[in-house]
Amino acid sequence: TTEESAKMFLEIISGKGTEAQNQVVLANAGLAIATFENCTILEGFEKAKESLNSGKALEKLNKLQQLSR
């Protein structure tokens, strides 16, 4: 369901995802970053990984949620 997917996404972005879940999210985010920033997919993946591991991705999601209220 949508609710289950949202819960899973929040767990992953909060650093509580499994290795497989993290890899899927990082692959998708890495490709998006590579497309947007015109860098290699590996560079995009590394940027996504740093963002997830440092908590920056969660911070950005929280900020986006605050702005949308």
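Preceding this section is the structure that the text describes.
So, how was this worked out
- Residues numbered from 1 in each chain as written.
- Predicted model: local features only at pLDDT ≥ 70, side-chain atom pairs only at ≥ 80, totals over all residues.
- Heavy atoms only, no water.
- Axes fitted to C-alpha atoms, helices over the stretch in contact; angles between N-to-C directions.
- Helix = DSSP H or I, 4+ residues; strand = E, 2+ residues; numbered from the N terminus.
- Parallel < 35°, antiparallel > 145°, perpendicular 65-115°, else oblique.
- Contact = heavy atoms within 4.5 Å.
- Nonpolar A, V, L, I, M, F, W, Y, C, P; charged D, E, K, R; others polar.
- Buried < 20%, exposed > 50% of the residue type's maximum accessible area, 1.4 Å probe, protein only.
- Core = buried A, V, L, I, M, F, W, Y, C linked by side-chain atoms within 4.5 Å.
- Expected span 1.5 Å × (residues − 1).
- Arc of directions from axis to C-beta.

Considering the packing of helix H1 (residues 2-16) against helix H4 (residues 56-67)
Contact geometry for H1 and H4: axes closest at 7 Å, N-to-C directions at 130 degrees. The orientation of H1 relative to H4 falls into the category oblique. Facing H1, whose interface residues are Phe9, Leu10, Ile13 and Ser14, H4 presents Ala57, Leu58 and Leu61. Partitioned by chemical class, the residues of the contact of H1 with H4 number six nonpolar, one polar and no charged.

Observations regarding unusual backbone geometry
We note that Asn38 has phi near 55 degrees; this positive angle belongs to a residue other than glycine. With respect to the helices and strands, the residue Asn38 is situated in the loop between helix H2 (19-37) and helix H3 (41-54). On the basis of relative accessibility, which here comes to 71%, the residue Asn38 falls in the exposed class.

Quick word on the nonpolar core
As a rule of thumb, nonpolar side chains are buried together in soluble globular proteins. Listed in full, the six residues of the largest apolar core are Ile13, Leu26, Phe45, Ala48, Leu52 and Leu61. Sorting elements by how many residues they give to this core places H3 first, with three residues. Setting aside anything within four residues of it in sequence, one finds Leu26 in contact with Phe45, Ala48, Lys49 and Leu52.

A few points about H2
Between its first and last C-alpha, H2 extends 26 Å over 19 residues, near the 27 Å set by a 1.5 Å rise per residue. Of the residues making up H2, those classed as buried are Asn22, Leu26, Gly30 and Ala34. Angularly, the buried residues of H2 cover 90 degrees about the axis, an arc narrow enough to put them on a single face. For H2, exposure combined with an orientation more than 90 degrees from the buried face picks out Ala20, Val24, Asn28, Thr35 and Phe36. The secondary structure elements touched by the buried residues of H2 are H1 and H3.

A word on the environment of Leu52
Tracing the sequence through the fold places Leu52 in helix H3. Judged by its relative accessible area of 10%, Leu52 falls in the buried class. Setting aside anything within four residues of it in sequence, one finds Leu52 in contact with Ile12, Ile13, Asn22, Leu26 and Ala57.

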